[in-house]
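Descriptive structure summary
Next come the chains, spelled out residue by residue.
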Amino acid sequence: QQLEQLQLHQQHAGWGHGAAYEGHCAAADEQAQEQLQAEYRARFDDLERERCTVEEDKAQVGRYKQLLLKQRDIMIALTQRLQERDEAIIGLQGQVDTRDRLIAEIEERLPPSLG
């Protein structure tokens, strides 16, 4: 109770000194404004860092996309080369089969003493 009375007395005493009270209010307003500006500055800095991070992420996504496209092109080229190689092997295997068949026919025609 004594603390409450002391606080009330200080409030009333402050009212009696209008200029001092107004100066106190102006200083409090200025301090609040500075604090608000500091909060806005901090928030702005956070947003700016986030914007930079997003831009860096976009750039990195672009680099990854280019890398994947390059890898895709390499895989397509390798696949084409493998298909060409498979066709060449199939063609050569056909020639080997034809040769083996001709050799077998020739061996059948040879007399048993030479074979």
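What counts and what doesn't
Residues numbered from 1 in each chain as written. Predicted model: local features only at pLDDT ≥ 70, side-chain atom pairs only at ≥ 80, totals over all residues. Heavy atoms only, no water. Salt bridge = Lys/Arg side-chain N within 4 Å of Asp/Glu carboxyl O. Buried < 20%, exposed > 50% of the residue type's maximum accessible area, 1.4 Å probe, protein only. pLDDT = per-residue confidence, 0-100. Contact = heavy atoms within 4.5 Å.

A few words now on the pattern of salt bridges. What the rule picks out here adds up to five salt bridges. The partner of Arg72 in a salt bridge is Asp73, with the nearest N and O atoms 3.2 Å apart. Residue Arg72 is classed as partly exposed on the basis of its relative accessible area, which comes to 47%. Where Arg99 meets Asp100, a salt bridge forms, and the shortest distance between an N and an O atom there is 3.2 Å. By relative accessible area, which is 44% here, Arg99 ends up partly exposed. Of the residues examined, Asp100 reaches a relative accessible area of 38% and is grouped as partly exposed. It is possible to trace a salt-bridge network through shared partners that takes in Glu48, Arg51 and Glu55.

With 75% of its residues at a pLDDT of at least 70, the protein chain reaches an overall mean of 84. In the predicted structure, residues 15–21 sits below a pLDDT of 50 and forms one contact with residues beyond four places in sequence or in another chain.

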